[in-house]
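Letter by letter, the chains look like this.
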Amino acid sequence: MSGPNTDYDPVEVTPLKAEEVERMRDEALAAITGAADLDELKQVRLDHAGDRSPIALANREIGALPPQARKEAGARVGRARGAINKALGERGAVLEEEHEARMLVEESVDVTLPTDRRSRGARHPITTFSERLADIFPAMGWDVAEGPWVEAEWLNFDALNMGADHPARTMQDTFWLEPAEAALVLRTHTSPVQGAHDAVAGAADLRRLPGPRLPHRRGRRDALAGLPPDRGPRRRQGHHHGPPQGHARPHDDGAVRRGHHDPLPSVLLPVHRAVRRDGHGLLRLPRRRLGQLPHLSRRGLDRARRLRRGQPAC
Amino acid sequence: MLTACGIDPEVYSGVAFGFGIDRMLMFRHNVTDLRDVFEGDVRFASAFGTEI
């Protein structure tokens, strides 16, 4: 930077010559015009109007001129800088407008298009219904028997007096597992489970064991085999023998959810089976739903999506 | 039980019954076409089941 010139009197300083200033100005104006977008214009502003730009450096040299020359040089540089800044402003406004117009086009959102946000689905009514049944029957003293998916051919057919040429054994009706010598099928009905249930000694007594009495759950889709109470190899005369009398009541008031007088359609419920449990992350019931579900427990609602496992907490 | 139902236990040794849960669901929810239950259309499950 040049301080006040007191020691010497140069007649002129090169960057301050009129043609030199005009050249700087014209270069700057050309660069401004050539800037295609706001980023380029930003660089042009640094190069031609910033602190290190030629015109700014020339401005600093004014102090090196003899006093009588400063006024003229200052006016010349000032005009050039004014022109540059004015051009920068105008070009900036134009580019800004273009940018916004382009954004409007490129970033527009058609709110009428179908959304890709989809609900993950819903529990199938068969599932919820079978679980409901698996609550009702044990409450009446019946068992819900569970069985394997893969069953021996003998148990699936022969043990049930189905002949070797029974049409149900054909490939069309039965899935056979390889190798064929293993004689394994995907169980085609529930009767083998019933047979296995009866064959287990003391099976009918299991449900009398102390402890949680929520029924076993299963996600099976086929028919529920009716297993009457006290049926089995060791037939006992308990208080449950004979046909059920009247409406079902749970063994234990806390173990099975009571129906209430004003059942809501299941579609209203964000959860299924308001049975208290612990373990998994629990679903919070939205407050706005509480008014509709006066009988529902607010905390600890079960959210396990598939088979329930683990100990019930109630 | 067979005798009580008027069935000769000398001729018939037992009774087997099965009742599909699908059919029960039809009665309960007035589903008119059983195929809807098995087709896997999520709109069906959404109407009857509970949304996840």
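Residues numbered from 1 in each chain as written. Chains lettered and ligands numbered in written order. Predicted model: local features only at pLDDT ≥ 70, side-chain atom pairs only at ≥ 80, totals over all residues. Heavy atoms only, no water.

What follows deals with the overall build of chain B. Each helix and strand counted, chain B has three helices and zero strands in total. In chain B, which comprises 52 residues, the share counted as buried stands at 23%. For chain B, the accessible surface area stands at approximately 3,900 Å², while carbon and sulfur atoms represent 55% of it. (Helix = DSSP H or I, 4+ residues; strand = E, 2+ residues; numbered from the N terminus. Buried < 20%, exposed > 50% of the residue type's maximum accessible area, 1.4 Å probe, protein only. Areas by Shrake-Rupley, 256 points an atom, 1.4 Å probe, with all protein chains shown as cover.)

Time to look at the packing of helix α3 (residues 54–61) of chain A against helix α4 (residues 67–106) of chain A. All names here are of chain A. Their axes nearest at 10 Å, the elements α3 and α4 cross at an angle of 155°. Classified by the angle their axes make, α3 and α4 are roughly antiparallel. As for how α3 packs across α4, the hand of that crossing is left-handed. Along its contact with α3, which presents Ile55, Ala56 and Asn59, the element α4 presents Val77, Ala80, Arg81 and Ile84. The class makeup of the residues in the contact of α3 with α4 is five nonpolar, one polar and one charged. (Axes fitted to C-alpha atoms, helices over the stretch in contact; angles between N-to-C directions. Parallel < 35°, antiparallel > 145°, perpendicular 65-115°, else oblique. Left-handed = near helix turned anticlockwise from the far one by under 90°. Contact = heavy atoms within 4.5 Å. Nonpolar A, V, L, I, M, F, W, Y, C, P; charged D, E, K, R; others polar.)

This paragraph deals with unusual backbone geometry. Residue and element names in this part refer to chain A. Of note, the amide linkage connecting Glu178 to Pro179 takes the cis form, showing an omega dihedral of -5°. Along the chain, Pro179 turns up in the loop between α6 (153–156) and β2 (184–186). Positive phi, close to 60°, is recorded for Asn161, a residue that is not glycine. If you trace the backbone, Asn161 turns up in the loop between α6 and β2. Unlike most non-glycine residues, Ala183 shows phi in positive territory, near 55°. Here Ala183 lies in the loop between α6 and β2.

What follows concerns the packing of helix α5 (residues 125–139) of chain A against helix α1 (residues 21–29) of chain B. Where α5 of chain A contacts α1 of chain B, the two axes come as close as 10 Å, and the packing angle between them is 95°. The angle between the axes of α5 of chain A and α1 of chain B places the two elements in the roughly perpendicular class. Where α5 of chain A approaches α1 of chain B, its residues Pro125, Ile126, Phe129, Ser130, Arg132 and Leu133 of chain A are matched on the opposing element by Ile21, Asp22, Met24, Leu25 and Arg28 of chain B.

The grouping of Glu96, Glu97, Glu98 and Glu100 of chain A at the surface amounts to a negative patch. What makes Glu98 of chain A partly exposed here is its relative accessible area of 41%. (Patch = residues over 30% accessible without salt bridge, like charges linked within 9 Å, V, L, I, M, F, W, Y side chains within 5 Å. Salt bridge = Lys/Arg side-chain N within 4 Å of Asp/Glu carboxyl O. Lys, Arg positive; Asp, Glu negative; His and termini not counted. Charge placed at Lys NZ, Arg CZ, Asp CG, Glu CD.)

Turning to the side chain of Glu153 of chain A, a few remarks are in order. Residues and elements named next belong to chain A. In this fold, Glu153 is placed in helix α6. Overall, the relative accessible area of 19% leaves Glu153 in the buried class. The contact partners of Glu153, leaving out residues within four places of it in the chain, are Asp158, Arg169, Trp176, Ala183 and Leu184.

The next thing to look at is the confidence of the model for chain B. Summary statistics for chain B give a mean pLDDT of 81 and a share of 92% for residues scoring 70 or more. When pLDDT is averaged over each helix and strand of chain B, the minimum, 81, is found for helix α3 (residues 42–48) of chain B and the maximum, 85, for α1 of chain B. (pLDDT = per-residue confidence, 0-100.)

Attention now moves to the confidence of the model for chain A. Residue and element names in this part refer to chain A. The pLDDT averaged across chain A works out to 69; a share of 57% of its residues lies at or above 70. Confidence scores differ between elements of chain A, with helix α8 (residues 287–290) showing the lowest mean pLDDT of 58 and helix α2 (residues 38–49) the highest of 89. Predicted confidence is poor over residues 201–242, with pLDDT under 50, and the contacts of this stretch with residues over four places away or in other chains come to 92 contacts. Per-residue pLDDT stays below 50 along residues 303–307; that stretch engages in 11 contacts with residues further than four places along the chain or on separate chains.

This next bit is on the nonpolar core. One broad rule of soluble globular proteins: the nonpolar side chains tend to lie buried together. One finds Leu16, Ile32, Leu41, Ile55, Val77, Ile84 and Leu88 of chain A to be the most contacted residues of the largest nonpolar core, which totals 20 residues. Breaking this core down by element, the ones donating at least two residues are α1 (18–34), α2, α3 and α4 of chain A. Core analysis: the second largest hydrophobic core is formed by nine residues, Phe129 of chain A together with Met26, Val37 and Phe44 of chain B among them. (Core = buried A, V, L, I, M, F, W, Y, C linked by side-chain atoms within 4.5 Å.)

Quick look at α4 of chain A now. Residue and element names in this part refer to chain A. With 40 residues, α4 ought to run about 58 Å at 1.5 Å a step, and its terminal C-alpha atoms sit 57 Å apart, in line with that. Where α4 is concerned, the buried positions are Ala69, Ala73, Arg76, Val77, Ala80, Ile84, Ala87, Leu88, Gly92 and Leu95. Next to the buried residues of α4 lie α1, α2 and α3. (Expected span 1.5 Å × (residues − 1).)

With that settled, the discussion passes to the environment of Arg91 of chain A. Residues and elements named next belong to chain A. Relative to the assigned elements, Arg91 resides in helix α4. Overall, the relative accessible area of 22% leaves Arg91 in the partly exposed class. It is 8.3 Å that separates the C-alpha atoms of Arg91 and Ala35, two residues lying 56 residues apart in sequence. A polar atom in the side chain of Arg91 sits 3.4 Å from the backbone oxygen of Ile32. (Polar contact = N/O pair within 3.5 Å; in protein donor to acceptor, adjacent residues only side chain to side chain.)

Moving on, we get to the pattern of salt bridges. All names here are of chain A. For the coordinates displayed, the defined rule picks out 10 salt bridges over all chains. Between Asp26 and Arg25 there is a salt bridge, with its nearest N and O atoms 3.4 Å apart. The partly exposed category is assigned to Arg25, whose relative accessible area is 27%. Here Glu153 makes a salt bridge to Arg169, at a shortest N to O gap of 2.9 Å. Here Arg169 lies in the loop between α6 and β2 and Glu153 lies in helix α6, a separation of 16 residues in the sequence. Accessibility classification places Glu153 together with Arg169 in one group, the buried group. Here the salt bridges do not stand alone but share partners, grouping Glu20, Arg23 and Glu27 into one network.

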